[in-house]
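Remarks on the overall topology
Okay, here's what each chain looks like letter by letter:
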Amino acid sequence: MRRDGNRLDLYTHGHAHRWGTVYANGAPKRLQYVSFAAYEDDFDALTQRLRGAGAADPHPLSDGQGVWTRDADGTPIQVVVGPKVSPTAKAQATQVPAPEPGRGAAPGRSAAAPVQPRRLSHVLLFSPDVSRQVGFYERVLGLRLSDRSGEIIAFMHGPHASDHHMLAFAKSEAPGLHHSSWDVGRFDDVGLGAELMKAKGYGHGWGVGRHVVGSNYFYYVQDPWGSWAEYSYDIDFVPADVEWRAGDHPPEDSFYALNGGQAIIRRRIHFTSGVRPSPTTLSSIASNREPPEGRRAITNGRPKRGDLRCRGDAGANSRRRTSMRTGHRFTRGLGVALCSFALLATGAHAQGTQAPIRIGSTLALTGPLAATALVHKVVGEIYVEQLNKRGGLLGRPVEWIVRDDQSKPELARTLYEQLLTVDKVDLLMGPYATGAILSAMSVAQRYDKVLIHHTFGIPSLAKYDKQFPAWSLGPDPANTVPTTVFTALAASPKPPKTIAVVTSKFPSVHFMSLGAREVAKKRGLNEVLFLEWDFGNLDYGPIAARIKDAKPDFLWVGALGLEGNQLLEAMNKIDYAPAEHFYMYPAPGPMSKSPLAKNALSMTMFEEHPPFTNAAGAKEFIDLYHERAAKAGIPDTSVEVQAAASYTAWQILEAAVRGTNSIDDAKMAAWLKANRVETIQGKLRFDGPSNYGDDLMRVKQVQNGRWVTVYPKEYAAPGATLLVQ
Amino acid sequence: MTFPSGTLLAQSALSGVFIGSMYGLLGMGLGLAWGLLHIINLAHFGFAFLAAYLCYQLASVGGIDPLLTLALIIPLFFALGMAVQWLLSRFSVSPLNSLLATFGLTAIIEAGIQYFWTADFRKLESVYSGQKLRVGGLFVPVPELLTLVLALVLGFSIWAAMRYTNLGRALRALAEDAPMAAAFGVNRRAHALLLAGVCGALAGIAGVCLALSFTLTPSQIYAWVGVVFAAVMLGGLGSPLGPVAAGMVVGVSEAVTMAFASPSWAPIVSFSLLIALLLLRPGRT
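In this report, the structure presented in the accompanying data block is examined.

Parameters and conventions
- Residues numbered from 1 in each chain as written.
- Chains lettered and ligands numbered in written order.
- Predicted model: local features only at pLDDT ≥ 70, side-chain atom pairs only at ≥ 80, totals over all residues.
- Heavy atoms only, no water.
- Helix = DSSP H or I, 4+ residues; strand = E, 2+ residues; numbered from the N terminus.
- Areas by Shrake-Rupley, 256 points an atom, 1.4 Å probe, with all protein chains shown as cover.
- Buried < 20%, exposed > 50% of the residue type's maximum accessible area, 1.4 Å probe, protein only.
- Contact = heavy atoms within 4.5 Å.
- Disulfide = S-S within 2.5 Å.
- Pairing = 2+ DSSP bridges.
- Axes fitted to C-alpha atoms, helices over the stretch in contact; angles between N-to-C directions.
- Expected span 1.5 Å × (residues − 1).
- Polar contact = N/O pair within 3.5 Å; in protein donor to acceptor, adjacent residues only side chain to side chain.
- Buried area = accessible area lost by both parts, 1.4 Å probe.
- Salt bridge = Lys/Arg side-chain N within 4 Å of Asp/Glu carboxyl O.
- Core = buried A, V, L, I, M, F, W, Y, C linked by side-chain atoms within 4.5 Å.
- Left-handed = near helix turned anticlockwise from the far one by under 90°.
- Nonpolar A, V, L, I, M, F, W, Y, C, P; charged D, E, K, R; others polar.
- Parallel < 35°, antiparallel > 145°, perpendicular 65-115°, else oblique.
- Phe/Tyr/Trp six-rings, centres within 6.5 Å; stacked < 30°, edge-to-face > 60°.

**Some points on the overall build of chain A**
Assigned secondary structure in chain A consists of 15 helices and 33 strands. For chain A, the exposed surface amounts to about 27,900 Å²; the carbon and sulfur share of it is 51%.

Following this line, the structure appears as structure tokens:
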């Protein structure tokens, strides 16, 4: 790898040839041209054929030599006279001296030899019409078909001996570069390469496995621009004097999963870019594309289920590798032998020179809401970091700008205005909490921006059509949430007959408490007490005394954060513990840790136990969050509703950008209304009133110092049921 | 509205007495500095919370009995109080500007607390926290009782000192007519520093009481400002016992309102009472 101004030249160890070049231009990556070398003897005849196919001007980024044409997909092709750099014999494995007798063969991890690719083996290009491309390269450049899988993928080798394929095509909507494949000398190097890439922050890859077509062992890693690079070992070789019998392979038989079939399904490379993947997409080669002129593309590295049938037992008996027929001499054909490529990409030095996509938000980093806002800060940082490791958005890095709104909605309004007019951010992310979100929403509306927010608690106030909630309350939570709670209680061992509703007048809990009164009345519960207090109340003694006096079977507490704990303490001071009690919204950590909160109920959309933890990406996020939250000094590092809602909001934003291939607010909003988004909470939709979808609130309970979901049963922690005293 | 039971009413009133003594303890140092030094020290609240967090740290992490932390907190906050007074007099800050300067100091303290202890809730779990006495049908929580006793003892001691010692007379003379007191040989700066130190120590003691009874979070600093100011103004500037008595009037009136009616009416009742008392108070200026 050598850097020269705004270009990166790709070399391999022990080889002087420059295999490829990446040029920076600030736009999404796009394949510029492919260069082939031919023997001098063949050159004149090839020139004739190229001219016959339609001469083209040399590409401005090239050396300008040789003859030029465009292939069937319009990609510029250069043919020059030059030395053959594709192999003339089967590539030999790197020789590792045998260990002394009595010593092990594997070196220590630290002593493992560095992975050094030896040469470019092949490139795989996207094509809207694979057969048309095969026809072109056979006819004009004299390449030969090695194997194919219907119209999905085709592999071609050179007539003067080459790897099983030096050029291959995969079906997609538009032409482009899918991957470049780099030959390494040992099977170990494939795995070590994967490990190296992960260690360097390029964790998104596929493998290790073995292809049936070409027989090579592989690991793919995604580069910062969305294309892939393959570590390849032991690919089949097609000698010049041998006829390779081309086969047509069923896609599902196309590779072995050497790391276990299940893992392959999860980690499978999938590269759709806003277009629906073709259902027949071949496993490793999905429908990445580079867009036609004037359109922007991104590659999406996120795995998607359903379009790959992977069988871990794709065994030797299902391989249909054709035998080489020696003895049948092939006439020395006309053709090209060298393959190099140039790629115009988003940045010469990873993402360094590329203008980032800037996402602006405020958070209550100081003031009364700071404790919870810190959760959102940590989650946002984790998400943006992961996003950038995956290559960012639209091939651009992502930068998150966070301002401190000091828990003041009016300050949030000013800061959002500033983010749009002064900082000129591309996208917005919502603040914390309801009051500030409402402020941000009005600014977003004025500038016609999409606003995705984590924790907006009053759906009826969300009037703006380009706002999207991650807090899955449904459009009518004052009815649906209490209904869920009372249904859970009715199914408990001791269904309550009397209820006390005590509530702060804080807006997002107050309307829920009023809803709880209505629902309780409808369900025939006898209300023995109803109390309201102003947010910021200091003396909970009298409230506790009145609850004790009323002796309800069930206590509904509308209390924000600290208030729930304060009420519990006040009740304890007069020696009273409620039988069944529900809090909305408590400070989750302090409440679960408080010995007074035994069996306390609350609502949740996510807790750290199955089935929630089975969601894609959930485990990875939980581990990272534990680490970062501890570092940030958050006492309770478990992922629950707040952290999960925060993560969800970012997932929605990413899905909208990837889904539309753009950061155009109108397009993103339209896409979100028309599509469902897979998140760690579940599948979300935004087509209901106020863009709210389903009420995903479930009932959780403090049991043994931690929150566990207890209702409904399909979301309950393994073995957990609602406990009553 | 049904008439609440006697136990409920008594328990509520007791709760009001306790919260009132907390108002009074916080207001004592504030009122003394205000009345005698003409300094409106908003940082008093910041100091109290800083002391509360220190007490939390020493007790829950260091394993020290929270009451023993007073041995460290009292001298420390005495020194802090003096330091602030020295700075304010060094720059000849006027009473109104002292409000602004100490408000800024409070914000700094809040940020410092948030930096060290984060904005999350902290609750001191000590041997005292769960303890309660049962008197008749009523429950008396020990930490709150401690606050009440401290407020009364400190209030009476300072009242006595002000009234019966030369030091107290000198302080009162300074407040009334500083140049004349100086002419009689009273060292103004030394006395002011001493009094500010006492106020700082009172903030420290109030902080320990806060840590014993309440869950802490930095922004709670401001939750106390309004009602404690009310207690100080109602009780009289420069009076050590006034804020305690006034705090209890506010606390009990709120608590009884909560017992009778909706808790959200409590501030309306207590602040209406405050206005009425300020208007009708004898000797008002």
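**Concerning the overall build of chain B**
Counting secondary structure elements, chain B contains twelve helices and two strands. Starting at the N terminus, the α and β elements of chain B follow one another as α-α-α-α-β-β-α-α-α-α-α-α-α-α. Relative to its 285 residues, chain B shows a buried fraction of 53%. Across chain B, the fraction of contacts at a sequence separation of at least 24, relative to all contacts at a separation of at least 6, is 79%.

**Considering the state of the cysteines**
Residue and element names in this part refer to chain B. If you walk through the whole model with that rule in mind, you get zero disulfides over all chains. The thiol of Cys-55 is not disulfide-bonded; the next cysteine sulfur, from Cys-209, is found 9.1 Å away. Residue Cys-55 is classed as buried on the basis of its relative accessible area, which comes to 0%.

**Notes on the sheet that holds strand 21 (residues 398-404) of chain A**
Residues and elements named next belong to chain A. Across the sheet, five strands lie side by side as 21-20-22-23-24; this open sheet has parallel pairing. Sheet topology places strand 21 and strand 24 (467-469) at the edges, where each strand pairs with a single neighbour. Taking each pair of neighbouring strands and ignoring which way they run, the sheet shows an average axis angle of 25°. The sheet contact formed by strand 22 (residues 427-429) and strand 23 (residues 451-453) spans two bridges and is parallel. The partner of Met-429 across the bridge, within strand 23, is Ile-452. Of the strands in this sheet, strand 20 (357-363) and strand 21 are in contact with helix 5 (residues 370-389), which crosses strand 21 at around 165°. Running over the sheet, helix 15 (residues 665-674) touches strand 22, strand 23 and strand 24 and is turned about 40° from strand 24.

**Overview of helix 8 (residues 188-213) of chain B**
Residue and element names in this part refer to chain B. Given a rise of 1.5 Å per residue, 26 residues ought to cover 38 Å, and the 38 Å separating the end C-alpha atoms of helix 8 matches this to within 8%. Most of helix 8 sits out of view: 20 of its 26 residues are buried. Capping of helix 8 at its N-terminal end is provided by Asn-187; its side-chain oxygen lies 3.1 Å from the backbone amide nitrogen of Arg-189.

**Here's the deal with the interface of chain A and chain B**
Facing 35 residues of chain A, the contacting portion of chain B comprises 38 residues. In this assembly, chain A packs against chain B so that about 3,000 Å² is buried in total across both faces, 60% of it on carbon and sulfur atoms. On the surface where chain A and chain B come into contact, there are two salt bridges. Here Asp-575 of chain A makes a salt bridge to Lys-132 of chain B, at a shortest N to O gap of 4.0 Å. In this assembly, chain A and chain B are joined by eleven residue pairs in polar contact (both at pLDDT 80 or more). Those elements that provide at least two residues to the side of chain A that touches chain B are helix 5, strand 26 (526-533), helix 10 (541-550) and helix 11 (562-573) of chain A.

**With respect to helix 3 (residues 70-90) of chain B**
Residue and element names in this part refer to chain B. Compared with the 30 Å implied by 1.5 Å per residue over 21 residues, the 29 Å span of helix 3 between its first and last C-alpha is a close match. Looking at the buried side of helix 3, the elements it contacts are helix 1 (6-37), helix 2 (43-61), helix 4 (95-117) and helix 8. One or two positions beyond helix 3, positive phi appears at Ser-92, with a value near 45°.

**Focus: the nonpolar core**
Nonpolar side chains in soluble globular proteins tend to end up buried together. Within the largest apolar cluster, 76 residues are counted, with the highest numbers of intra-cluster contacts made by Tyr-23, Phe-45, Trp-224 and Val-228 of chain B. It is helix 1 of chain B that contributes the most residues to this core, 14 residues altogether. Apart from residues lying up to four places away in sequence, Phe-45 of chain B is in contact with Leu-26, Leu-30, Ile-221, Trp-224, Val-225, Val-228 and Phe-229 of chain B. In terms of nonpolar packing, the next biggest core, distinct from the first, is built from 56 residues, Ile-359, Val-378, Leu-394 and Ile-622 of chain A among them.

**A few points about the packing of helix 5 of chain A against helix 14 (residues 641-660) of chain A**
Residue and element names in this part refer to chain A. Between helix 5 and helix 14, whose axes approach to 9 Å, the crossing angle comes to 35°. The way helix 5 lies across helix 14 gives a crossing that is right-handed. On helix 14, the residues touching Thr-372, Val-375, His-376, Val-379, Gly-380, Tyr-383, Val-384, Gln-386 and Leu-387 of helix 5 are Gln-642, Ala-643, Ser-646, Tyr-647, Trp-650, Gln-651, Glu-654 and Arg-658. Across the contact of helix 5 with helix 14, the residue classes tally to eight nonpolar, seven polar and two charged.

**Thoughts on the side chain of Thr-47 of chain A**
All names here are of chain A. As for its position among the elements, Thr-47 is in helix 1 (residues 40-53). Among the residues examined, Thr-47 registers a relative accessible area of 8% and is labelled buried. There is a polar contact of 2.7 Å between the side chain of Thr-47 and the backbone oxygen of Phe-43.

**Observations concerning the packing of helix 2 of chain B against helix 4 of chain B**
Residues and elements named next belong to chain B. It is at 8 Å that the axes of helix 2 and helix 4 come closest, and there the two elements cross at 20°. With respect to helix 4, the axis of helix 2 lies roughly parallel. As helix 2 packs across helix 4, the resulting crossing turns out to be left-handed. Where helix 2 abuts helix 4, its residues Ala-43, Gly-46, Phe-47, Phe-49, Leu-50, Tyr-53, Leu-54, Tyr-56 and Gln-57 lie against Thr-102, Leu-105, Thr-106, Ile-109, Ile-113 and Trp-117. In the contact of helix 2 with helix 4, the residues fall into eleven nonpolar, four polar and no charged.

**Observations concerning the pairing of strand 15 (residues 228-233) of chain A**
The two faces of a sheet get side chains in turn, since along a regular strand they alternate between them. Residues and elements named next belong to chain A. Of all six residues that make up strand 15, five are buried, and the element is covered over most of its length. Note: strand 12 (residues 176-183) against strand 15, five bridges, orientation parallel. Across the sheet, Trp-182 pairs through a bridge with Tyr-231, a residue of strand 15. As judged from the six bridges shared by strand 14 (residues 217-222) and strand 15, these two strands associate in the antiparallel manner. In the sheet register, Tyr-217 faces strand 15, and the bridge partner there is Tyr-233. Hairpin connection between strand 14 and strand 15: a loop of five residues separates the two successive antiparallel strands, and Gly-226 in this loop has a positive phi of roughly 100°.

**Focus: the packing of aromatic side chains**
Across all of its chains, the model carries 33 aromatic pairs over all chains by this definition. Summarising the aromatic geometry, the rings of Trp-206 of chain A and Phe-218 of chain A are spaced 4.6 Å apart at their centres and angled 40° between planes, so their arrangement reads as tilted. On the criterion of sequence distance, the pair formed by Trp-206 of chain A in strand 13 (residues 205-211) and Phe-218 of chain A in strand 14 is long-range, its members being twelve residues apart. Classification of Trp-206 of chain A by relative accessible area gives buried; the value is 1%. Phe-218 of chain A sits in the buried class, given a relative accessible area of 0%. Taking 6.4 Å as the distance between ring centres and 55° as the angle between the ring planes, the aromatic pair formed by Phe-103 of chain B and Tyr-222 of chain B counts as tilted. Taken together, the residues span a long stretch of sequence, with Phe-103 of chain B in helix 4 and Tyr-222 of chain B in helix 9 (residues 220-223) at a distance of 119 residues. Overall, Tyr-222 of chain B belongs to the partly exposed group, its relative accessible area being 30%. The rings of Tyr-383, Trp-400, Phe-621, Tyr-625, Tyr-647 and Trp-650 of chain A are connected pair by pair, giving a single aromatic cluster.

So yeah, pure geometry; function would need other evidence.
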